[in-house]
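# Breakdown of the fold
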Amino acid sequence: MNPFIRLHPADDVVIARGQLLGGTPVEGVTARGLIPPGHKIAVRAIAQGEPVRRYNQIIGFASRAIAPGEHVHTHNLDMGPDKGHFERDYAFGADVKPAPAHREASFMGIRRADGRVATRNYIGVLTSVNCSATAARAIADHFSRKTNPAALAAFPNVDGVVALTHGTGCGMDAGGLGMQILERTLTGYATHANFAAVLVVGLGCEANQINAWLATGNLQEGENLRVFNIQDTGGTRKTVEKGIALINEMLPRANVVKREPCSASHITIGLQCGGSDGYSGISANPALGAAVDLLVAHGGTAILSETPEVYGAEHLLTRRAVRREVGEKLVERIRWWEHYTAINEGEMNNNPSPGNKAGGLTTILEKSLGAVAKGGTSNLEAVYEYAEPVTAHGFVYMDTPGYDPVSATGQVAGGANMICFTTGRGSAYGCAPSPSLKLATNSALWQRQEEDMDINCGEIVEGTASIQEMGRRIFELVLATASGEQSKSEKHGYGQNEFVPWQVGAVM
């Protein structure tokens, strides 16, 4: 097996399959010094200022002359003098292809009375404001199967009671973008299929008034959506007691469910990558993309997000847009992010993180080109803003930050009932009420952190599995997990602390 991986004939670099010692022959050149696993090696002389290609796409510009066989990384590669603002051919719709032949697969889902299909069956405790978070957690803690197993002993079909609290809801413009995002997020969770019932606890004097939120979200209080405030109830103790009593009323109804065969078209996956490395765009991301293409062929939906992590690769998505306006909306969101980072005295290349760089990723352009591979090759059907309800089927895009908990929170608010999360450095993450699958990009990570990983895509790097074969395995694991099989993160109890709505705007 070659000690390196070439991704495209026109590339200026190849990727070290494992650690390479100086003197190792690499495509007719000799490695100069130690090359870490997943890092890049120049296969030709590159002059200062020249673009450098990987995936046959520009990942940056040589900040100094690079010799053949030299390690290519932050010491000699950057975004160029224009910080990545070079011309891109958006070619709207140029790569749109006919719809794939429809396939039929099923999973054991939970069908709600209104026709929605769930992959889990939780009761949720949400908060309008940070001030009610402690009370909400106390309510949910009463029903913990670890500390008070008797509370849910009679309700085996309920997956649990979870408190999803946040750090905002006041000290903000009541009509501003930040409040709009928070209201959309809470509405998405309050109406999520994976919640059989929801309790919302407020303080009473906050900017995010519960009654105003109900009106904005076209929601009405009923037996499966109960709301109240600490100040109206008479304090923390009475609030906790009232919350426990209300959930005790909800539990018998929530327990009357059974899993039944449901079409895979009811699965909506939020696509995430965190702790990426030089192998992410080679193994786990394209394998997840292959699984996405399978899901789309079965009528399901996949949501690609993390706009700062498609920056520099958005032209690959606009080519797949089914309508010009879909592609133009994605470009508009890119421009919004350029402005957003500028007014906050940052730049798009603040990402990759130190961990990403240690794993071999040098610029946001390189990271993004690997990240978009999670979206497979299917047509781009729609573009949504953060936490908007996803109504289209197929491959879609949602504008979110790159920070994983914030991004996934928006996807779940939009309707994702599954998360698939690729990682090369070893992100530990889970998500309630939607189960999260972790895909390792390399076998060293799998061996080191198997207790957190659900599948090892490092087999692709080693040549023992193809991308398509691994995509099929991921798709089958999605069906099994949607049917109730627990993910590793669920077994560890992840999910409540990872609810992080996107906070935009001034804190007043």
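The shown structure was predicted, so the numbers you read here are calculated from the model rather than taken from an experiment.

When its secondary structure is counted, the protein shows 15 helices and 23 strands. When the backbone C-alpha atoms are referred to their principal axes, the protein occupies close to 75 × 45 × 45 Å. By residue count, 59% of the 508 residues in the protein fall in the buried class. Within the protein, contacts between residues at least 6 apart in sequence are counted, and of these 70% link residues at least 24 apart.

Another point: helix α2 (residues 177–190). Over its 14 residues, α2 runs 20 Å from end to end, which matches the ideal 20 Å to within 8%, given 1.5 Å per residue. Counting buried residues in α2 gives 11 out of 14 residues, a clear majority hidden from the surface. Every buried residue belonging to α2 is among G178, M179, I181, L182, E183, T185, L186, T187, G188, Y189 and A190, and all of these are buried. Those residues of α2 hidden inside the fold are in contact with β12 (122–127), β13 (160–164), β14 (195–202), α3 (210–216), β15 (225–229) and α11 (404–413).

What follows covers the packing of α2 against α11. Packing of α2 against α11 leaves a shortest axis separation of 8 Å and a crossing angle of 55°. Taken together, the axes of α2 and α11 are oblique relative to one another. Crossing handedness for the pair α2 and α11: left-handed. For the pair formed by α2 and α11, the contact residues are R184, T185, G188 and Y189 on the first element and A408, T409, V412 and A413 on the second. Of the residues belonging to the contact of α2 with α11, the class tally is four nonpolar, three polar and one charged.

Spatially, β13-β12-β14-β15 is the arrangement adopted by the four strands of the open sheet, whose pairing is parallel. Each having just a single partner strand, β13 and β15 make up the two edges of the open sheet. Each adjacent strand pair in this sheet contributes to an overall mean axis angle of 15°, direction not counted. Bridging between β12 and β13 involves five bridges; their strand directions are parallel. The residue of β13 that forms the bridge with Y122 is G160.

Moving on: the sheet that holds strand β22 (residues 436–440). Whenever strands of a sheet pair, they do so through backbone hydrogen bonds, lying parallel or antiparallel. Judged by pairing direction, the sheet is parallel, and its seven strands sit side by side in the order β19-β20-β18-β17-β21-β22-β23 without closing on themselves. Every other strand in the sheet has two partners, leaving β19 (380–384) and β23 (455–456) as the edge strands with one partner each. Against the sheet, α11 makes contact with β17 (268–273), β18 (301–304), β20 (394–398) and β21 (418–423), and its axis sits at roughly 170° relative to β17, the strand it touches most.

A few words now on the packing of helix α6 (residues 284–297) against helix α14 (residues 467–482). Relative to each other, α6 and α14 sit at 60°, their axes nearing to 7 Å. As summarised for this structure, α6 and α14 are arranged oblique, according to the angle between their axes. Note that α6 runs across α14; the crossing there is right-handed. Where α6 approaches α14, its residues P286, A287, L288, A290, A291, L294 and L295 are matched on the opposing element by I467, Q468, M470, G471, R472, I474 and F475.

Here a ring pair, both rings aromatic, is described through the centre-centre distance and the interplanar angle of the planes. Overall, the coordinates contain 10 aromatic pairs when judged by the stated rule. Taking 4.7 Å as the distance between ring centres and 75° as the angle between the ring planes, the aromatic pair formed by Y189 and F499 counts as edge-to-face. With Y189 in helix α2 and F499 in the segment after α15 (488–492), the pair connects residues that are 310 residues apart, well separated along the chain. Side by side, Y189 and F499 carry an identical accessibility label, which is buried. Summarising the aromatic geometry, the rings of Y340 and W502 are spaced 6.3 Å apart at their centres and angled 85° between planes, so their arrangement reads as edge-to-face. Taken together, the residues Y340 in helix α8 (residues 324–343) and W502 in the segment after α15 connect sequence positions 162 residues apart.

About the cut-offs
- Residues numbered from 1 in each chain as written.
- Predicted model: local features only at pLDDT ≥ 70, side-chain atom pairs only at ≥ 80, totals over all residues.
- Heavy atoms only, no water.
- Helix = DSSP H or I, 4+ residues; strand = E, 2+ residues; numbered from the N terminus.
- Buried < 20%, exposed > 50% of the residue type's maximum accessible area, 1.4 Å probe, protein only.
- Contact = heavy atoms within 4.5 Å.
- Expected span 1.5 Å × (residues − 1).
- Axes fitted to C-alpha atoms, helices over the stretch in contact; angles between N-to-C directions.
- Parallel < 35°, antiparallel > 145°, perpendicular 65-115°, else oblique.
- Left-handed = near helix turned anticlockwise from the far one by under 90°.
- Nonpolar A, V, L, I, M, F, W, Y, C, P; charged D, E, K, R; others polar.
- Pairing = 2+ DSSP bridges.
- Phe/Tyr/Trp six-rings, centres within 6.5 Å; stacked < 30°, edge-to-face > 60°.

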